[in-house]
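In case you want the letters, here they are:
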Amino acid sequence: MNTVIEAFCEIGVSNHLSNGEKLYIGVNSHIRSHSIFYEGSHFLEALVTGHRVTVREKVNAGKNLQIGTLSDLQGHCDIGDFVRFHSNVHIGQKSKIGNYVWIFPYVVLTNDPHPPSDTLLGVTVEDYAVIATMSVVLPGAKISHGCLIAAHSSIKGITEADMIYAGSPAKKICPTTKVKLHDGTGDAYPWRKHFHRGYPEELVTSWMSE
């Protein structure tokens with residue numbers, strides 16, 4: 001209902017990895033042109049994609065997932081509510097992504113510790129984490145609640161909540177609360193205290209009352 005699928009899309013592509021399960025896309029979704037969705041995935045309401053998105057089988061996603069142009073979800077992963085993938089994002093199999101996560105362009109979530117192999121160690125990204133552009137998250141890494149992974153970082157292991165990590169290999173820099181908004185109006189993090197575009201009013205109210 002109220003879902004738009006634009007031209008040149010392939011929806012419900014079958015393959016042997018889906019176990020014959022149907023593709024489910026919730027109401028009020030918008031799939032833009034030239035996107036490909038395999039069967040066997042499940043998306044709640046208000047899924048939005050850019051163009052030429054590829055989504056493999058066995059993705060289990062919450063509501064209002066946004067997938068940017070040319071992004072690639074390799075399937076067999078879990079994604080929470082209100083997650084934002086910008087363009088050219090690669091999500092490896094066995095990834096587990098929480099709620100309100102931001103992943104910016106050209107980020108790669110990997111899963112093979114000694115490629116090529118059949119060993120897959122998925123990445124975990126907890127609620128409110130931000131992974132900036134061109135970062136690589138290595139197999140089995142855990143990006144904890146509220147972390148900021150700086151641009152061009154290569155991160156592995158288990159991070160501490162609400163900390164900034166930067167570099168290749170990435171190292172802990174400082175708490176995210178040390179970062180100030182450029183306009184001088186306050187702290188940049190937690191970002192939910194000042195950035196509210198696209199989120200429902202009741203959710204924003206709960207954030208502001210924390």
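Residues numbered from 1 in each chain as written. Predicted model: local features only at pLDDT ≥ 70, side-chain atom pairs only at ≥ 80, totals over all residues. Heavy atoms only, no water.

Draft legend 1. Summary view of the pattern of salt bridges. The full count for this structure, using the stated rule, is seven salt bridges. For Glu-57, the salt bridge identified is with Arg-56, shortest N-O distance 3.2 Å. Note that Glu-160 and Lys-172 form a salt bridge whose closest N and O atoms lie 2.7 Å from each other. In this pair, Glu-160 is assigned in the loop between strand 23 (154–155) and strand 24 (163–167) and Lys-172 in strand 25 (residues 170–175), connecting sequence segments twelve residues apart. Since its relative accessible area comes to 40%, Glu-160 is described here as partly exposed. (Salt bridge = Lys/Arg side-chain N within 4 Å of Asp/Glu carboxyl O. Helix = DSSP H or I, 4+ residues; strand = E, 2+ residues; numbered from the N terminus. Buried < 20%, exposed > 50% of the residue type's maximum accessible area, 1.4 Å probe, protein only.)

Draft legend 2. Representation of the sheet that holds strand 14 (residues 90–91) in the model. Within the open sheet, the eight strands sit side by side as 2-5-8-11-14-17-20-23. Their pairing is parallel. Every other strand in the sheet has two partners, leaving strand 2 (10–13) and strand 23 as the edge strands with one partner each. In terms of strand pairing, strand 8 (residues 54–55) meets strand 11 (residues 72–73) through two bridges, oriented parallel. Bridge pairing in strand 11 links Val-55 to Leu-73. (Pairing = 2+ DSSP bridges.)

Draft legend 3. Representation of empty space enclosed by the protein within the structure. All chains considered together, the criterion is met by one cavity of 30 Å³ or more. The volume enclosed by the largest cavity comes to roughly 40 Å³. Lining the largest cavity are Tyr-128, Gly-146, Asp-162, Thr-176, Tyr-189, Pro-190, Trp-191 and Arg-192. (1 Å grid on protein atoms, 1.4 Å probe; cavity = no way out; pocket = protein on both sides within 12 Å on 5 of 7 lines; lining within 4 Å. Points joined across faces, edges and corners; volume = space filled by probe spheres on them.)

Draft legend 4. Highlighting the pairing of strand 25. For strand 24 and strand 25, the ladder comprises five bridges, and the chain directions are antiparallel. Across the sheet, Tyr-165 pairs through a bridge with Lys-172, a residue of strand 25. What sits between strand 24 and strand 25 in their antiparallel hairpin is a turn of two residues.

Draft legend 5. How the structure looks around the nonpolar core. Within the largest apolar cluster, 38 residues are counted, with the highest numbers of intra-cluster contacts made by Phe-43, Ile-79, Phe-85, Ile-97, Ile-103 and Leu-109. The set of elements that each furnish at least two residues to this core consists of strand 9 (59–61), strand 12 (77–79) and strand 24. Not counting residues up to four positions away in its chain, the partners in contact with Phe-85 are Leu-65, Gln-66, Ile-67, Gly-68, Leu-73, Ile-79, Ile-91, Ile-97 and Ile-103. (Core = buried A, V, L, I, M, F, W, Y, C linked by side-chain atoms within 4.5 Å. Contact = heavy atoms within 4.5 Å.)

Draft legend 6. Broad picture of the sheet that holds strand 18 (residues 124–125). With parallel pairing, seven strands are arranged side by side in an open sheet as 3-6-9-12-15-18-21. Since the sheet does not close on itself, it has two edges, and those belong to strand 3 (24–25) and strand 21 (142–143), each with one partner. Pairing between strand 3 and strand 6 (residues 42–43): two bridges, direction parallel. The partner of Tyr-24 across the bridge, within strand 6, is His-42.

Draft legend 7. Spotlight on the side chain of Asn-15. Turning to its location among the elements, Asn-15 is positioned in the loop between strand 2 and strand 3. Taking the relative accessible area as the measure of exposure, Asn-15 reaches 17% and is therefore buried. With residues near it in sequence (within four places) discarded, Asn-15 still touches Tyr-38, Glu-39, Arg-56 and Glu-57.

Draft legend 8. Region of the structure containing the environment of Val-4. In this structure, Val-4 sits in strand 1 (residues 4–5). Residues Val-4 and Val-48, 44 residues apart in the sequence, show an inter-C-alpha distance of 9.6 Å. Setting aside chain neighbours within four positions, we find Val-4 in contact with Ser-29, His-30 and Ile-31.

Draft legend 9. Focus on the packing of aromatic side chains. Under the defined criterion, the tally for this structure stands at 14 aromatic pairs. Measuring from ring centre to ring centre gives 6.5 Å for Trp-191 and Phe-195, while their planes differ by 70°; the resulting arrangement is edge-to-face. Relative accessible area serves as the criterion here: at 6%, Trp-191 is assigned to the buried category. Accessibility expressed as a relative area gives 24% for Phe-195, which makes it partly exposed. Their ring planes at 80° and their centres at 5.6 Å tell us that Trp-191 and Trp-207 sit as a pair that is edge-to-face. You can see Trp-191 sitting in the loop between strand 25 and helix 1 (201–208) and its partner Trp-207 sitting in helix 1, a full 16 residues away along the chain. (Phe/Tyr/Trp six-rings, centres within 6.5 Å; stacked < 30°, edge-to-face > 60°.)

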